[in-house]
Amino acid sequence: MTDAVLYEVRDRVAIITFNRPDRLNAWSGDLHHGYFTSLDRAAADPDVRVIVVTGAGRGWCAGADMDVLQGIGAAGGFAADDPQPDGPTGDDMGPPRQDWKHTHAMTIPKPVIAAINGACAGLGFVHALACDIRFAVEGAKFTVAFGRRGLIGEWGLSWTLPRLVGQGVALDLMLSSRVFLAEEAHTLGIVNRVCAPESLMDETLAYAADLAVNVSPTSMAVMKQQVYTHPQMAVDDALDDSIRLMEESVRRPDFREGVASFVEKRSPNFAPLGG
């Protein structure tokens, strides 16, 4: 773990904090390594049921560090042996993990919630959209940014953004690369909830705690997979797969526990993921 990313667990919720506040948590090699290591750590911990990602200071993530971008520009592009140049650097970090794509959060079998406390731009916007749910502070600034840097819809944004807002709005945000605020992001469906500055983390953690206590971890993992895969299937194939998954779910102990806890008016005691 690096100081660029902080990690803690509270009441079955892992909190991952981007920790470069002096640079508005701009993406760097050590932040990249720390974030994906933290996601994998939370995914592997049976005591963690939900993950919250936030930023230290005034920003969530203001995009790629300008020093990194200037280096790429000066070199005339990416190095041939470095397909993900904003990945980890330094002997102490080891080589880049090829399975660490910028959509990695979508592959984690636990809910990943972004608590967006400030500026969310470029690569930061990519990572916000890779989270499953997004809460944002009032007035937080969002921008795709890429077009104004001579770039394109990077790292899967051309897949995630149209799914949330539709083709026309996605093209507006990508082509113009304009700045828009959390309130518009909520209207467009990018953000699930807008919170006052003093209540962002309280509201996010309360939502996360409700999932951690009252929802089956196995159910959440399966539903997350369904949402990310079924829209790419033909409708009959998605229906057939959902029937198969439903038949599996009614044979699990979590189904019996969910019904029993409702009838007995108590909190459920669901097994951890994989348990």
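Scope of this entry: the structure provided in the associated data block. All values reported here derive from a predicted model rather than from experimental measurement.

**Brief notes about the packing of helix 4 (residues 123–130) against helix 5 (residues 157–165)**
Point 1. Here helix 4 crosses helix 5 at 60 degrees, and the two axes come no closer than 10 Å. Put simply, helix 4 runs oblique to helix 5. For the pair helix 4 and helix 5, the crossing hand works out as left-handed. On helix 5, the residues that touch Phe125, Val126 and Leu129 of helix 4 are Leu157, Thr160, Leu161 and Leu164.
Point 2. Taken together, the residues that form the contact of helix 4 with helix 5 break down as six nonpolar, one polar and no charged.

**Re the environment of Arg23**
Point 1. Tracing the backbone through its elements, the reader meets Arg23 in the loop between strand 2 (13–18) and helix 1 (29–44).
Point 2. Arg23 gets classed as partly exposed once you look at its relative accessible area, which sits at 34%.
Point 3. Along the primary structure Arg23 and Gly63 are separated by 40 residues, whereas in three dimensions their C-alpha atoms are 9.8 Å apart.

**Structural notes on the pattern of salt bridges**
Point 1. The full count for this structure, using the stated rule, is 10 salt bridges.
Point 2. We note a salt bridge from Arg193 to Glu203, for which the minimum N-O separation is 3.3 Å. Residue Arg193 is found in strand 10 (residues 193–195), and its partner Glu203 is found in helix 8 (residues 200–214); the two are separated by 10 residues along the sequence.
Point 3. For the salt bridge of Glu257 with Arg266, the shortest nitrogen-to-oxygen distance reads 2.6 Å.

**Thoughts on the packing of aromatic side chains**
Point 1. Enumeration according to the criterion identifies 10 aromatic pairs in this entry.
Point 2. Measuring from centroid to centroid gives 5.4 Å for Tyr35 and Phe36, while their planes differ by 35 degrees, and the two rings are tilted. Across this residue pair, the class does not change: Tyr35 and Phe36 are buried.
Point 3. A ring pair is formed by Phe142 and Phe180, whose centres lie 5.7 Å apart and whose planes are at 20 degrees; its orientation type is stacked. Here Phe142 is found in strand 8 (residues 141–143), whereas its partner Phe180 is found in strand 9 (residues 180–181), with 38 residues between them in sequence.
Point 4. We classify Phe142 as buried; its relative accessible area is 1%.
Point 5. By relative accessible area, which is 1% here, Phe180 ends up buried.
Point 6. One aromatic cluster is present, formed by Phe18, Trp27, Tyr35, Phe36 and Trp60 through successive ring pairs.

**Describing helix 6 (residues 167–176)**
Point 1. Among the residues of helix 6, Ala170, Leu173 and Met174 are the ones counted as buried. Taken end-on, helix 6 shows its buried residues confined to a sector of 95 degrees, consistent with a single buried face. Residues of helix 6 that are exposed and point over 90 degrees away from its buried face: Gly168 and Leu175.
Point 2. Those residues of helix 6 that are buried lie in contact with helix 5, strand 9 and helix 7 (182–188).
Point 3. Looking at the residues trailing helix 6, positive phi occurs at Ser177, about 50 degrees.

**Some words on the nonpolar core**
Point 1. Counting residues in each nonpolar core, the largest one holds 64 residues, and the members touching the most others are Tyr35, Ile51, Phe125, Phe142, Leu161 and Ile190.
Point 2. Residue contributions to this core peak at six residues, all from helix 4.

Calculation criteria
- Residues numbered from 1 in each chain as written.
- Predicted model: local features only at pLDDT ≥ 70, side-chain atom pairs only at ≥ 80, totals over all residues.
- Heavy atoms only, no water.
- Axes fitted to C-alpha atoms, helices over the stretch in contact; angles between N-to-C directions.
- Helix = DSSP H or I, 4+ residues; strand = E, 2+ residues; numbered from the N terminus.
- Parallel < 35°, antiparallel > 145°, perpendicular 65-115°, else oblique.
- Left-handed = near helix turned anticlockwise from the far one by under 90°.
- Contact = heavy atoms within 4.5 Å.
- Nonpolar A, V, L, I, M, F, W, Y, C, P; charged D, E, K, R; others polar.
- Buried < 20%, exposed > 50% of the residue type's maximum accessible area, 1.4 Å probe, protein only.
- Salt bridge = Lys/Arg side-chain N within 4 Å of Asp/Glu carboxyl O.
- Phe/Tyr/Trp six-rings, centres within 6.5 Å; stacked < 30°, edge-to-face > 60°.
- Arc of directions from axis to C-beta.
- Core = buried A, V, L, I, M, F, W, Y, C linked by side-chain atoms within 4.5 Å.

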